[in-house]
Amino acid sequence: MKLEKEDLLKLYRNLARARVLDQLAIKMLSEGKFMGFYHSAFGGEAPGVGGTTFLRQDDYIYPHHRGHGIPHACGKGGDLQPFFAEHCGKATGTTKGMTGFHGCDPEHGMYGGGGTIGSAFPLSVGWALAAKKNGRGQVSVCFFGDGSMGRGTFHEAMNMAANWKLPVVWVCENNGMGQYVPIKDAYPLDDIANMASAYGIPGVVVDGQDVVAVAEAVVAAVERAREGKGPSLIECKCLRFRSHAEGIPDWYHAEKRSEEEVKELMKRCPVALYRNRLLEQGLLTQEDAERIDRELAEEAAEIERQCDEAPFPDPSVLENAVYA
Ligand SMILES: Cc1ncc(C[n+]2csc(CCOP(=O)(O)OP(=O)(O)O)c2C)c(N)n1
């Protein structure tokens, strides 16, 4: 698939939307509207958006916890209102306010998340096995961080998916940090994509600040998977501009990066880089860019308004959601 002008503009809108909604999540959490905490995707939105924008609606995805699936849901084109309501613990949330940030959207192939990093790997293999058996040509795309790659589940899942040639695309969002541990202290090689050779599958490294580079790599891997040729591993070297999580007490923070270092990283903002490129290439006009900003700001304000007005769930919901 060659990305045409309308694809590139769709990618821009999804990326800009992910940025606006990530900033909304930070704001709502700081105002005490969110339950729990929030792992901001600020600066690292491109892998989630680039990795989902050209998927089919019925393709399965397991989002990374960074951004709590906002970039991935933006790429898939989902309605984010119930997702925000879930974070606020409201009855209109994706799981009626019972799970906080492990939201789901089955219509867009998002079947929720889990609190333990690494739980995504076997689930993604299961969805891929279901896809292979039902023959509808779906793929399963699993997004994960460099830190979670250290779990044993990663290797078990990689092996099974490769051995059975399952339609999985592994997308590593390598932002160089596993919570507060720099990747160089946790992994002996430079590229996580090297892992692919151990399982006989393609492994590529892409610039994770470049949403087009991510999209092209994922589109190629998805085409391969749909043709029955099995999984691929894509490592997106990306950044995150915030510390590990918002809403965690200061004493808990052990951020190893200085403010100067982060300021330097912010020169590689994926949204600004892509917007400028589209403007320079004449694919986006200044007026259209400003119109998109206004529309996204209106969407954010409406999401917040609806969250504020939604009721909290009746406690009986807890009993109704218990299977036995
Ligand atoms: C099994 C397990 N161990 C530890 C944690 C705590 N934890 C949550 S996010 C995280 C960092 C994971 O690093 P990475 O996958 O690189 O993502 P990042 O948050 O750095 O973007 C850790 C250690 C957890 N949730 N589950």
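Given the structure is predicted, the values throughout are model-derived calculations rather than measurements.

**Some thoughts on the overall build of the protein chain**
- If you tally the helices and strands in the protein chain, you get 12 helices and 7 strands.
- For the protein chain, whose C-alpha radius of gyration is 19 Å, the value lies close to the compact-globule estimate of 20 Å for 324 residues.
- Its C-alpha atoms put the protein chain at 60 × 50 × 40 Å along the principal axes.
- Of all 324 residues assigned to the protein chain, the portion counted as buried reaches 46%.

**Regarding the sheet that holds strand β2 (residues 140-145)**
- Read across the open sheet, the 5 strands follow the order β1-β2-β3-β7-β6; overall the sheet is parallel. Each edge of the open sheet carries a strand with a single partner, namely β1 (60-62) and β6 (203-207). Adjacent strand axes in the sheet meet at a mean angle of 20°, parallel and antiparallel pairs treated alike.
- Strand direction decides the pairing type here: strand β3 (residues 168-174) and strand β7 (residues 232-237), joined by 6 bridges, are parallel. Paired with Trp-170 across the bridge in β7 is Leu-233.
- Lying on the sheet, helix α5 (residues 120-134) is in contact with β1, β2 and β3; it crosses β2 at an angle near 170°.

**Here we look at the packing of helix α1 (residues 5-30) against helix α8 (residues 211-226)**
- At a closest axis distance of 11 Å, the pairing of α1 and α8 adopts a crossing angle of 115°. For the crossing formed where α1 meets α8, the hand is right-handed. Residue-level contacts link Leu-8, Leu-11 and Leu-15 of α1 to Val-211, Val-212 and Ala-215 of α8.
- A per-class count over the contact of α1 with α8 returns 6 nonpolar, no polar and no charged.

**A few points about the nonpolar core**
- In terms of nonpolar packing, the biggest core is built from 80 residues, with Leu-15, Cys-142, Val-169, Val-171, Val-218 and Ile-234 touching the most fellow members.
- No other element matches the 11 residues that α1 contributes to this core.
- Val-171 has contacts with Pro-47, Gly-51, Val-141, Cys-142, Phe-143, Val-218, Ile-234 and Cys-236, leaving out every residue within four places of it along the chain.

**A closer look at the environment of Ala-300**
- Take Ala-300: it is sitting in helix α11 (residues 286-309).
- A sequence separation of 198 residues divides Ala-300 from His-102, and the C-alpha atoms of the two residues are 20 Å apart.
- When near neighbours in sequence (up to four residues on either side) are disregarded, Ala-300 contacts Val-20, Leu-21 and Leu-24.

**Examining the pairing of β3**
- Buried residues dominate β3, accounting for 7 of its 7 residues.
- Alternating positions in β3 separate into two faces, Val-168, Trp-170, Cys-172 and Asn-174 on one and Val-169, Val-171 and Glu-173 on the other, with burial throughout.
- Across 6 bridges, the pairing between β2 and β3 is parallel. In the strand pairing of β3, Val-141 is matched with Val-169.
- A crossover connection joins β2 to the parallel β3 through helix α6 (residues 152-163); in handedness this β-α-β unit is right-handed.

Definitions and limits used
- Numbering of residues starts from 1 in each chain and follows the order in which that chain's sequence is written.
- Only residues with pLDDT of at least 70 are given local features in this predicted model, and only at 80 or more are side-chain atom pairs given and counted; all residues enter the totals for whole chains, interfaces and linings.
- Helical segments are the DSSP runs of H or I of at least four residues, strand segments are the runs of E of at least two, and each set is numbered from the N terminus.
- The reference for a compact globule is 2.2 Å times residues^0.38; the radius of gyration itself is calculated from the C-alpha atoms.
- In this scheme the burial state of a residue depends on its C-beta neighbours within 10 Å: 20 or more other such atoms mean buried, 12 or fewer mean exposed, and anything in between means partly exposed; the C-beta positions come from the backbone.
- We treat two strands as partners when DSSP finds at least two bridges between them.
- Where helices are involved, their axes are fitted lines through C-alpha atoms of the stretch in contact, as for all axes, and angles between N-to-C directions lie from 0 to 180°.
- Note on contacts: residues are paired as contacts if their backbone-placed C-beta atoms lie within 7 Å.
- Crossings are assigned a handedness: left-handed for a near helix turned anticlockwise from the far helix by less than a right angle, right-handed for a clockwise turn.
- Each residue gets one label: Ala, Val, Leu, Ile, Met, Phe, Trp, Tyr, Cys and Pro are nonpolar, Asp, Glu, Lys and Arg are charged, and the others, such as Gly, are polar.
- We define the nonpolar core as any set of buried residues of the types Ala, Val, Leu, Ile, Met, Phe, Trp, Tyr and Cys, connected via C-beta atoms lying within 7 Å of each other.
- The path from the first strand over the helix to the second decides the hand: if it runs clockwise while the strands point away from the viewer, the crossover is right-handed.

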